[in-house]
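# Chains, contacts and geometry: an overview
This is what each chain is made of:
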Amino acid sequence: MRDVPFLDLRAGYLELQPAIDAAVGRVLASGTYILGSEVEAFEQAFATFCEATQAVGVANGLDALRLALMALDVRPGDEVIVPSNTYIATWLAVTLCGATPVPVEPDPVTCNIDPKKIESAITSRTRVILAVHLYGLPAELGPILEIARRHDLRVVEDAAQAHGARYRGQPVGGHGDAVAWSFYPSKNLGALGDAGAVTTRDVGLAERIRELRNYGSRVKYVNDRIGINSRLDPVQAAVLSVKLAHLDLWNERRQEIALRYLSGLQGCNLILPVLPVGDRSAWHLFTIRCVNRDRLQAWLSADGIQTGIHYPIPPHRQKAYAGLQFSDAALPLATQMAGTTLSLPIGPHLAQADVDRVIASVCRASHSGLLDA
Ligand SMILES: *Cc1c(COP(=O)(O)O)cnc(C)c1O
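These remarks concern the structure in this document. Just so you know, these numbers come straight off a predicted model, no measurement behind them.

### A few points about the nonpolar core
By size, the foremost hydrophobic cluster in this structure holds 30 residues, and its most contacted members are L69, V80 and L130. Among the secondary structure elements, those contributing two or more residues to this core are strand 1 (54-58), helix 4 (61-71), strand 2 (79-83), helix 5 (88-96), strand 4 (126-132), strand 8 (178-182) and helix 7 (203-212). Sorting elements by how many residues they give to this core places helix 4 first, with 6 residues. Here L69 is in contact with V74, A93, V94, C97, V128, L130 and V156, once residues within four sequence places are set aside. Counting residues in hydrophobic clusters, the runner-up holds 27 residues, among them L262, L265, V355 and L370.

Here you go:
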């Protein structure tokens, strides 16, 4: 029997092949290969999708985060509050601005930054709260924005996993001061290479990011700020415009898979992701937690089922951050999650029969005692 893929990226291309090939061909024939109308058209469409007023296309998600922080004037000596359990890029963006990431532990139910733990991490140097919508589930933006307002802090969101997610009915992308997106190929909205964007409702901030992504220049050969080169590639913009029109449908397929997992895996000896009430997850990942995670992963692999771990080493345990000297005891939840999370296959092109194969295999593992402490 063939393997159940963790994510079939090729299927996403093949479903839309005529439209994607035509869009790429249009850019190749246009003679415009940096910025231009394809990038502007995608920025417009994505801003509308997010109910933000502005979108600025950039080269990747890490740069989107970094440019958002740069535009907010985050600099050496500043502190930025980040989740302790996130992809390394969230922390790197802070460090690349010369600022210090200050980790806050997650709510153990949602796995997102716990608003109740934020205030005790705020100091006189804190400038920004950087919330992540981990696995596609919106962070608790209401309380986070309220804390930020009270302490005069800015809010940046890492929405790299949350295209199409909604918080209290409103799409993610227009809540915080700036929202950073990645269009890395495996994301819910994925390019055919690296790509990213920042959305905001702040026209001035968007202008600053436009300047900073282009060497700090608004007028050619005139540089008012120290910027970087991080522009969205028009070939990728054209591909993203095609895919954006299918994002809602593709997210609905993810939601159907998530609901099937949630009902099929009930009664198994593991912690399931929450089904949000009032919000909508983008279901970028379907991540369960259990003891003996490595044994379950090996069991599924033997059954021909590919899985992922998000993430095996938390940022504070990375050699790159050894200098910050955080102990596991200081960040017990991030440490525990790294040892217990397992992401099951999910994606718009995953067949229902494959979802049922995964459910059956996990249930057999659970009933055989593999998931007992
Ligand atoms: C993918 C991802 C990023 C980085 O995006 P790139 O485009 O790969 O630079 C940042 N944060 C999170 C949470 C991500 O999942």
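### What to know about the site of the ligand
Lining the immediate surroundings of the ligand are N60, G61, L62, Y87, A89, D158, A160, Q161, S182, Y184, K187 and Y311. Residue Q161 places a side-chain N or O atom 2.8 Å away from an oxygen atom belonging to the ligand. In this structure, an oxygen atom belonging to the ligand sits 2.7 Å away from a side-chain N or O atom of K187. Taken by itself the ligand offers 380 Å² of open surface, and the protein chains cover 91% of this. Residue composition of the shell around the ligand, grouped by class: 6 nonpolar, 4 polar and 2 charged.

### Observations concerning the sheet that holds strand 5 (residues 154-158)
Pairing in this open sheet of 7 strands is mixed, and the strands run 1-9-8-5-4-2-3 from one edge to the other. The sheet is open, and its two borders are formed by strand 1 and strand 3 (100-104), each paired with just one other strand. Averaged over neighbouring strand pairs, the angle between their axes works out to 25° when direction is ignored. As paired elements, strand 1 and strand 9 (residues 196-200) share 5 bridges and run antiparallel to each other. Looking at strand 9, one finds that G57 is bridged to A197. Across the face of the sheet, helix 5 comes into contact with strand 2, strand 3, strand 4 and strand 5 while running at roughly 175° to strand 2.

Each value, and the rule that gives it
- Residues numbered from 1 in each chain as written.
- Predicted model: local features only at pLDDT ≥ 70, side-chain atom pairs only at ≥ 80, totals over all residues.
- Heavy atoms only, no water.
- Core = buried A, V, L, I, M, F, W, Y, C linked by side-chain atoms within 4.5 Å.
- Buried < 20%, exposed > 50% of the residue type's maximum accessible area, 1.4 Å probe, protein only.
- Helix = DSSP H or I, 4+ residues; strand = E, 2+ residues; numbered from the N terminus.
- Contact = heavy atoms within 4.5 Å.
- Near = heavy atom within 4 Å.
- Polar contact = N/O pair within 3.5 Å; in protein donor to acceptor, adjacent residues only side chain to side chain.
- Areas by Shrake-Rupley, 256 points an atom, 1.4 Å probe, with all protein chains shown as cover.
- Nonpolar A, V, L, I, M, F, W, Y, C, P; charged D, E, K, R; others polar.
- Pairing = 2+ DSSP bridges.
- Axes fitted to C-alpha atoms, helices over the stretch in contact; angles between N-to-C directions.

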